[in-house]
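# Descriptive structure summary
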Amino acid sequence: MQTELEKLGIFYLGRVVDASGSASPETAGTDVPPYLLYDSRDLTTHGVIVGMTGSGKTGLGLAILEEAAIDGIPVIAIDPKGDAGNLLLSFPNLEPADFEPWISPDAARTAGKPVAEMAAAEAKKWREGLAAWDQSPERIRRMRDTAEFAIYTPGSSAGRQLSVLDALSAPAQALDAEALTERASGAASAVLALAGVDADPLTSREHILLATLFQHAWKEGRALDLAALVGAVQAPPLERVGVMDLETFFPAKDRTALSMRLNNLIASPSFAAWTTGEPMSADALFYNAAGKPKVSVISIAHLSEAERMFTVTALLSEIVSWVRAQPGTSSLRAVLYFDEVFGYLPPVANPSSKQPMLTLLKQARASGLGVILSTQNPVDLDYKALSNAGTWFLGRLQTERDKARLLDGLDAAGGGAALQGPRTSLDQAISGLAKRQFILHNVHAKQPVQFESRWALSYLRGPLTKEDIRRLTPDQAATTEGSRLQAPGSRPEPSRTTALGLSSGSKPVIAAEIPQLYMPDAGKSGTLQPFLYGSAQLFFGDSKTAVDEARRVSVIVPLDAGTRVIDWDRAEAVDVAPQALLARAPVDAPYAPLPSFATSVEKFAKLARDFDRWLGRTQRLDLFRHAGLKMTSRPGESERDFLIRLRDALHEKRDAGLDKLRRKWDTKLNAARERVRRAETRVASEKQDVQQSTVQTTVSFGATILGAVLGRRGGGLGTIGRATTAARGVGRAMKERQQVEHAEATLTAERDALAALETQAQADLAAVSAAAVTPETLEKMAMRPRRGGTTVDLVAVVWR
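Thresholds, definitions, all that
- Residues numbered from 1 in each chain as written.
- Predicted model: local features only at pLDDT ≥ 70, side-chain atom pairs only at ≥ 80, totals over all residues.
- Heavy atoms only, no water.
- Pairing = 2+ DSSP bridges.
- Helix = DSSP H or I, 4+ residues; strand = E, 2+ residues; numbered from the N terminus.
- Contact = heavy atoms within 4.5 Å.
- Axes fitted to C-alpha atoms, helices over the stretch in contact; angles between N-to-C directions.
- Core = buried A, V, L, I, M, F, W, Y, C linked by side-chain atoms within 4.5 Å.
- Buried < 20%, exposed > 50% of the residue type's maximum accessible area, 1.4 Å probe, protein only.
- Salt bridge = Lys/Arg side-chain N within 4 Å of Asp/Glu carboxyl O.
- Phe/Tyr/Trp six-rings, centres within 6.5 Å; stacked < 30°, edge-to-face > 60°.
- Polar contact = N/O pair within 3.5 Å; in protein donor to acceptor, adjacent residues only side chain to side chain.

## Some thoughts on the sheet that holds strand β19 (residues 572-573)
- Strands sit in the order β16-β23-β17-β18-β19 across an open sheet of five strands; the sheet is mixed. Each having just a single partner strand, β16 (516-518) and β19 make up the two edges of the open sheet.
- For strand β17 (residues 530-542) and strand β23 (residues 790-799), the ladder comprises nine bridges, and the chain directions are antiparallel. Pairing of Gly534 across the sheet is with Val795, part of β23.
- Taken strand by strand, helix α17 (residues 601-618) contacts β17, β18 (547-558) and β23, and its axis lies near 130° from that of β23.

## Observations concerning the nonpolar core
- Counting 93 residues, the largest nonpolar core has Leu229, Leu360 and Leu369 as its most contacted members.
- Counting residues per element, this core draws most heavily on helix α12 (residues 305-325), which supplies 10 residues.
- Setting aside residues no more than four positions away along its own chain, Leu369 makes contact with Thr44, His46, Phe286, Ile319, Val323, Ala334, Val335, Leu336, Leu360 and Ala364.
- Counting residues in each nonpolar core, the second largest holds 57 residues, with Val16, Val75, Ala108 and Leu464 among its members.

## Considering the pattern of salt bridges
- Summed over the entire model, instances satisfying the criterion amount to 39 salt bridges.
- With its nearest N and O atoms 2.8 Å apart, the salt bridge here joins Arg470 to Glu467. Of the two residues, Arg470 and Glu467 both sit in helix α16 (residues 466-472), three residues apart, roughly one turn of that helix.
- Asp641 is paired through a salt bridge with Arg640; the nearest N and O atoms lie 2.9 Å apart.
- Owing to a relative accessible area of 35%, Asp641 belongs among the partly exposed residues under this scheme.

## Some details on the packing of aromatic side chains
- Per the counting criterion, the structure on display carries 18 aromatic pairs.
- Here the aromatic rings of Trp274 and Phe310 are separated by 5.3 Å at their centres, their planes lie at 75°, and the arrangement is edge-to-face. With a gap of 36 residues between them, Trp274 in the loop between α10 (252-267) and β9 (278-279) and Phe310 in helix α12 connect regions that are remote in the sequence.
- A relative accessible area of 0% means that Phe310 is categorised as buried.
- Arranged with centres 4.7 Å apart and planes meeting at 45°, the rings of Phe286 and Trp322 form a pair that is tilted.

## Structural notes on the environment of Ser55
- Relative to the assigned elements, Ser55 resides in the loop between β3 (47-50) and α1 (57-70).
- Ser55 gets classed as buried once you look at its relative accessible area, which sits at 0%.
- Residues Ser55 and Ala434 lie 379 residues apart in sequence; the distance between their C-alpha atoms is 7.6 Å.
- Not counting the four nearest positions on each side in its chain, Ser55 is found in contact with Arg396, Lys435, Arg436, Gln437 and Phe438.
- Side-chain polar atoms of Ser55 contact the backbone oxygen of Met52, separated by 2.7 Å.

Here it is as structure tokens:
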């Protein structure tokens, strides 16, 4: 594989073949491999892979995900069968020892070989297979370096655990009314699916009640876990549902039965597995804590049907929320892959997974999420829902009936336009497909193309068992407690009763000029302790980076009775603005003593000046800068989130640059190809003239010789005339041969010029993607407050 092609935002999927399965006629007999290169942006209009068991459908799907990983595009793969986990079986060294742990002893016995020997054979097979498809082990290494690979097993500790119920929590960001209603509906559908309740969102009172309860809680900013949901079902915080009173709509007796069913879920011994592990967050599944793209395989093969539906519904609803939070883009930002969508997007029924899937198919394109659905049963897909699918990979099908249904479905999906050609020809093409051969129908291309999918970088070992996944998963001993670590720079809150170890008494008397206020929590328990409070407004601005940020800084410093000097470096940040402080103590409580200097007006004024100087010395707006892309992080944006935004910007810049260069080079290359075509035509024409002249000259010479031998009437003059004519023919033939040589030299020159242009075009295209986005490419900036941009609003004694 040409390494320069790796940077062009294209996916290497295979090689173009003709109807007989041979190399493409355009490239047969040439040195140019007939690569099938797919523009990654085309996936934003989603894709569908259809093919029977053994057609190579899974291998093609994993090849697409491998290309995404190489390109730094994150992936979430829903894996109902266990095949997508093979993405973790990629071995850059391709050594037999890498393969040996994954060789089935039963398969080795069937083959009549020891496991070690079979592992060596598989390693050799993979090395040769990759080489035959112009792929080096370096591609595998690059894939593993670019993305993190992980297998999640909801409801099980076999892989990385995933707390699916976290997806039912209140949305992290504000949603509009429609989005909130949709997310609440998804949460209700997921819970009822887990409880085994077949609930239609439009007609089921169970669904309507639960969706209403979720929406009611979230509008108030409250989370609603299953335990709270059980209580809310029994005693809902509402009197009417629609225009009907609650008791008429859903009597208490029936609500109790529903709450008992939900309670049984909580009481189940397996329930804890659904609340353990990493939160089900689309952002965390797409990117790791350092902002590196992830390929997250969500394995659900071990779950029951109800549990699978619950997991898929909750995950799709979470991805919908993530999509809504993303800015628009024309580039491919992320991929959602569903390895076998049978049962989750049926044409007639309405399972809980269908609505969020429909939403993604309709709306995800604008946010750069590409959805790929794979199935072996065409009839089981709602083709009307897939009317926006722009890419279809059509593989070998089981029966003529399946093929007919697929063609009918394509007609229904595209209103007849999806086929872009005679139905009969597509029917015949599908009939002739061999294993690993597909017809690519892409609405962004001029016509369908037949191709053979490339060799997978990953070892296609077959479905992974729970034991296999355990071997692939790092130690699960770490718990989510690590995510609740104290924030850097923070300190434990001093005890309200014993922090200063002082005797308590009445309120100290201080000058009226010194502000004396109370924290909102003052007096709730114990002795009131004194602190020095400072609050200021800081302004940061820079025209080069377009930063214009206002930030409030509020801090407190303990005032021990023995304190003689205030050290603002001991300050603890508090999220309490001056207007939130209280003028009076909420309740009567004893006071700890104050140090004497805190009661002096002159010394207190100096404390305020010291606070101003301390702010100027210590306060900085920490930002990150990427010089290559000329982008600066937003205030408060983490390094991880900035890296993710940079990668998106890099893809957009790369794609725009590629479009511009392709337009430029298409014009030049087409003109050069036309000159080559004309030169080839000229050579062919000149050669034909030489051939005709040679025949005529030969005939003329033959006639002259024959006339001389036979002594034809006309005597010597006639023979001499014919000889002169033949001699002129020889001269003309020699001249025409020279013209052929000149035409061939011109053709060679034009071909060399075309090759040089193609080489330069490749170099220019490759250079577009030369920029890199890694933590090492970021510059750290510490911006000081603007001169005169610090306003101290308050320095006061506060009681806490």
